[in-house]
Amino acid sequence: MTEREETLVQLVEAVRRFTREVLLPAEAIVEKTNEIPEHVVRGLKDLGLFGMTVPEEYGGLGLSMFEEASLVFEVCYAQPAFRSFFGTTNGVGTLGILNYGTEEQKRKYLPQLASGQMMASFALTEPDSGSDAASLTTRAVRDGDHYVINGTKRFITNAIHAGVFTVFARTAPKEAGAGGISAFLVERGTPGLTVTKPYEKMGFAGSHESDVIFEDVRVPASAMLGAEGTGFKNAMKSLDHARLHMSAVATGLCQRLLDEGVRYATERKQFGKPIASFQLIQALLADSQAEAFAARAMVERAARDKDAGKSITKEAACCKYFATEAAGRIADRMLQVHGGNGYIKEYAIERLYRDVRLLRIYEGTSQILQIITARELIREHESGALS
Ligand code: COS
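Since this is a predicted model, take the numbers as computed values, not measurements.

Where the residue is not glycine, phi is negative for most of them; where a peptide bond is considered, it is trans in most cases. Even without a glycine there, the phi angle at Asp216 is positive, about 50 degrees. Here Asp216 is to be found in strand β7 (residues 209-220). Non-glycine residue Glu363 carries a positive phi angle of around 55 degrees. Tracing the sequence through the fold places Glu363 in the loop between α10 (348-357) and α11 (366-382).

Right, let's get into the nonpolar core. Counting 69 residues, the largest nonpolar core has Leu49, Leu71 and Leu359 as the members making the most contacts within it. Every element with two or more residues in this core is listed here: α1 (3-33), α2 (38-46), α3 (65-75), α4 (81-90), α7 (231-267), α8 (279-307), α9 (313-338) and α10. Ranked by residue count, the leading element in this core is α7, at 11 residues. Counting contributing residues per domain, this core is built from domain 1 (3-115) and domain 3 (233-383), each supplying no fewer than three. If you look at the next biggest cluster of nonpolar residues, it comprises 27 residues, including Ile97, Leu98, Ala134 and Leu239.

This part is about the layout of surface pockets. In this model, the largest pocket occupies a volume close to 1,200 Å³. In this structure, the largest pocket is lined by 43 residues; those nearest its centre are Thr125, Ile361, Tyr362, Glu363 and Gly364. Elements supplying a minimum of two residues to the lining of the largest pocket: α4, β3 (146-157), α7, α10 and α11. Tallying contributions element by element places α7 first for the lining of the largest pocket, with six residues. Along the lines of polarity and charge, the residues of the lining of the largest pocket split into 19 nonpolar, 10 polar and 14 charged.

Our focus in this paragraph is the site of the ligand. Every one of the 20 residues lining the ligand counts as a neighbour, but Ser131, Lys233, Asp240, Arg243 and Arg375 are closest to it. Out of a free accessible area of 1,000 Å², the ligand has 65% covered by protein chains. If you map the ligand onto the pockets, it falls in the largest pocket. Of all elements in the fold, only α7 and α11 reach the threshold of two or more residues within the shell around the ligand. The biggest single contributor to the shell around the ligand is α7, with six residues. For the shell around the ligand, the class distribution of residues is 10 nonpolar, five polar and five charged. Each of domain 2 (120-229) and domain 3 (233-383) gives at least three residues to the shell around the ligand.

What counts, and where the lines are drawn
- Residues numbered from 1 in each chain as written.
- Predicted model: local features only at pLDDT ≥ 70, side-chain atom pairs only at ≥ 80, totals over all residues.
- Heavy atoms only, no water.
- Helix = DSSP H or I, 4+ residues; strand = E, 2+ residues; numbered from the N terminus.
- Core = buried A, V, L, I, M, F, W, Y, C linked by side-chain atoms within 4.5 Å.
- Buried < 20%, exposed > 50% of the residue type's maximum accessible area, 1.4 Å probe, protein only.
- Domains from an automatic or database assignment.
- 1 Å grid on protein atoms, 1.4 Å probe; cavity = no way out; pocket = protein on both sides within 12 Å on 5 of 7 lines; lining within 4 Å.
- Points joined across faces, edges and corners; volume = space filled by probe spheres on them.
- Nonpolar A, V, L, I, M, F, W, Y, C, P; charged D, E, K, R; others polar.
- Near = heavy atom within 4 Å.
- Areas by Shrake-Rupley, 256 points an atom, 1.4 Å probe, with all protein chains shown as cover.
- Sits in = over half its atoms within 2 Å of the grid points.

Right, dumping it as structure tokens:
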């Protein structure tokens, strides 16, 4: 084993222990309070999870995609809101800076973000622009050495905590679609920026999603991330990575759901025997195990491809589509294994069932991921890459 592989084994073990000893016992508290307790936040910071993807020279762990996924499998054995708390800072909130930022922007933000001292949010979605991200209407108009931003962003995770937002706005109003969009780094506290009260949701307690409203928000021209007009590609590149990360989230949850079902099936007795001895229950468990195994294998393979420098747009879309849909099916089957007990709040499965529903929607709906997969496949065919 190389030194790096040994370090990964130790990190995985540390995150696994933290998940079992700290996160699982905190789940019920989060469900009740809708907050991530302070001792949990401290633990997440101590493990370096806010800066998993940030290179070591900027204070992060500098993990590869495979290494990142390995830790996410573990942390997402617990309910997914814990991961959400550091996920935007570690992921979409910093990836744009990493991929498109100037050295000055990197030095200014990445060390604070990697340590968890500052949090970051990704502001792409709008009330009328969800799956059709290129139709966004937030505007950034040049005014001397500044840009003036106006518009509304919707469902922005961690907006109430964020110190900096990666905001996507149209700088070329006459240019419809992706080309006229630029990205900006906008700091909390900039006059004209308001974060609304978080939405009340079906699940995912402890994760906060708000609207962010921009009313004549003036930012220096140096706040632009990357060249003018590259904002959409910036967002898509971040989302490729984030979708693979989200597939690892779903994979961790597949294992948790399955374990909840197996435990219940071996303890619960009917007709004089544990229900796990009945073949119809075994089929529910076996189908779920097969899918959990497949999800993990897919994510590991795509992560290795990314680490080898390959484009993973299609693979990330396939992984997120499969792993999140699998998590949905497994949640449904394991709730069925629990019978009536699965429908009451005493059992974790009721909460997890509601939590995993979101995974098939955010960071690209399953339907958008199918479209991306098919488009990439057709493009490869037309370019001769498949022959
Ligand atoms: N990486 C880099 N560049 C990409 C890219 C990727 N993964 N995907 C698209 N692009 C580029 C394209 O190459 C194209 O550039 P050129 O004009 O230079 O050729 C440009 O971006 C526009 O791409 P495209 O024509 O594919 O855009 P569309 O509007 O047709 O659709 C989808 C793009 C549907 C893929 C996009 O809008 C999307 O991902 N929607 C879902 C948004 C989402 O996930 N929201 C969740 C909330 S954010 S947490």
